[in-house]
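Breakdown of the fold
Each chain, written out:
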Amino acid sequence: MPKEPFSARDWVPDPGVEHLVYETPWLNFYYDDIVHPTGETGKYAWVRSHSNEGAVMVVPVTPSEKFLLIKSYRHPSKQYLWEFPAGVMEPGEEPIESAWRELVEETGITPNSVEMMGSQIPIAGFTGLPFHSLIAKIPEISLEDVVLQGEEGIVDAKLLGRRELLDFLNSEKISDGVTLASVARYLMHQELKVNDTTA
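Residues numbered from 1 in each chain as written. Predicted model: local features only at pLDDT ≥ 70, side-chain atom pairs only at ≥ 80, totals over all residues. Heavy atoms only, no water.

Points about the pairing of strand β9 (residues 131-137)
Burial of β9 is extensive: 6 of the 7 residues sit out of reach of the surface. Bridge analysis of strand β4 (residues 55-61) against β9 gives 7 bridges, and the strand direction is parallel. Considered in β9, the bridge of V58 is made with L134. Of the pairings in the sheet, the one linking strand β8 (residues 113-120) to β9 comprises 7 bridges and is antiparallel in character. Bridging from a neighbouring strand, S119 pairs with H132 of β9. (Buried < 20%, exposed > 50% of the residue type's maximum accessible area, 1.4 Å probe, protein only. Helix = DSSP H or I, 4+ residues; strand = E, 2+ residues; numbered from the N terminus. Pairing = 2+ DSSP bridges.)

Spelled out as structure tokens, the structure:
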């Protein structure tokens, strides 16, 4: 009789036991004993924020639709990357509160308002916590108004129009995945807003 091909369709995951192996002020590292869909046992490494909260990325945009981006050094990739302001949420913080704080800390710009756009789990195989994307309506500013948080490795800022932002994406000058997801959230947010007003 031919062997049935393996299918995980009816597999019920076993959450197993979490094994905290290393703790930092920001991230906790786990190395768990798990059971694979095939029934074999194994190990799985993953991380969770020390606060057990997710993280936020805020898209700062002016009334004339200029986007404020920052350039930060990211140690894991050993590169300076263009991103929107972002950070891990502190214990008890709501996403809007966290996004407001991160924007002010990293750029010195105080928003007029902050609004939630959506949430996603950008690296589901590495951490299960969500990354919230928010939009911050900021005043018309110049780069002279921006005060960068140098101690966080932030070295530059740009104000880009929509076309310039899309060119940055297309040329891969922006390669950070959460920034890409947040741009997609922004475009969807704007499209849905237009559809709501014309319906």
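Still more ground to cover, so stick around.
Some words on the sheet that holds strand β1 (residues 20-23)
Read from one edge to the other, the open sheet built from 3 strands follows the order β1-β2-β3, with strand pairing classed as antiparallel. Each of the sheet's edge strands pairs with one partner strand only, and the pair in question is β1 and β3 (41-49). Here the strands of the sheet are splayed against their neighbours by 15 degrees on average, with no regard to which way each runs. (Axes fitted to C-alpha atoms, helices over the stretch in contact; angles between N-to-C directions.)

What about the UniProt feature "domain: Nudix hydrolase" (unreviewed entry) in the chain?
The UniProt record annotates "domain: Nudix hydrolase" (unreviewed entry) at residues 48-182. Counting secondary structure, residues 48-182 comes out at 21% helix and 35% strand; the distance between its end C-alpha atoms is 21 Å. (UniProt positions renumbered as here; feature names shortened; annotations may be inferred.)

Description of the packing of aromatic side chains
Centre distance and the angle of the planes are the two values used to describe a pair of aromatic rings. The final tally for this structure, using the stated rule, is 4 aromatic pairs. Between F67 and Y186 the ring centres are 5.0 Å apart and the planes differ by 85 degrees, which places this aromatic pair in the edge-to-face class. Here the residue F67 occupies a position in strand β5 (residues 67-74), and Y186 occupies one in helix α3 (residues 177-198), the gap between them amounting to 119 residues. For F67, a relative accessible area of 1% corresponds to the buried category. (Phe/Tyr/Trp six-rings, centres within 6.5 Å; stacked < 30°, edge-to-face > 60°.)

So, the environment of I135
Within the secondary structure layout, I135 lies in strand β9. It is 32 Å that separates the C-alpha atoms of I135 and Y30, two residues lying 105 residues apart in sequence. Beyond its immediate chain neighbours, meaning those up to four positions away, I135 contacts V58, V59, V61, S113, V114, E115, M117, Y186, H189 and Q190. (Contact = heavy atoms within 4.5 Å.)

What to know about the nonpolar core
Counting residues in each nonpolar core, the largest one holds 20 residues, and the members touching the most others are F67, L69, F84, L165, I174 and Y186. Listing elements by their share of this core, those giving two or more residues are β4, β5, β9, α2 (162-170) and α3. Ranked by the residues each element gives to this core, the list is headed by β4, at 4 residues. Beyond its immediate sequence surroundings of up to four residues, L165 is in contact with F67, L69, F84, L160, I174 and V183. (Core = buried A, V, L, I, M, F, W, Y, C linked by side-chain atoms within 4.5 Å.)

What to know about the environment of P91
Topologically, P91 is positioned in the loop between β7 (86-88) and α1 (95-107). According to the relative accessible area criterion, P91 is exposed, its value standing at 64%. Separated by 14 residues in the primary sequence, P91 and E105 have C-alpha atoms spaced 17 Å apart. When neighbours within four sequence positions are excluded, P91 is seen to be in contact with S51 and E53.

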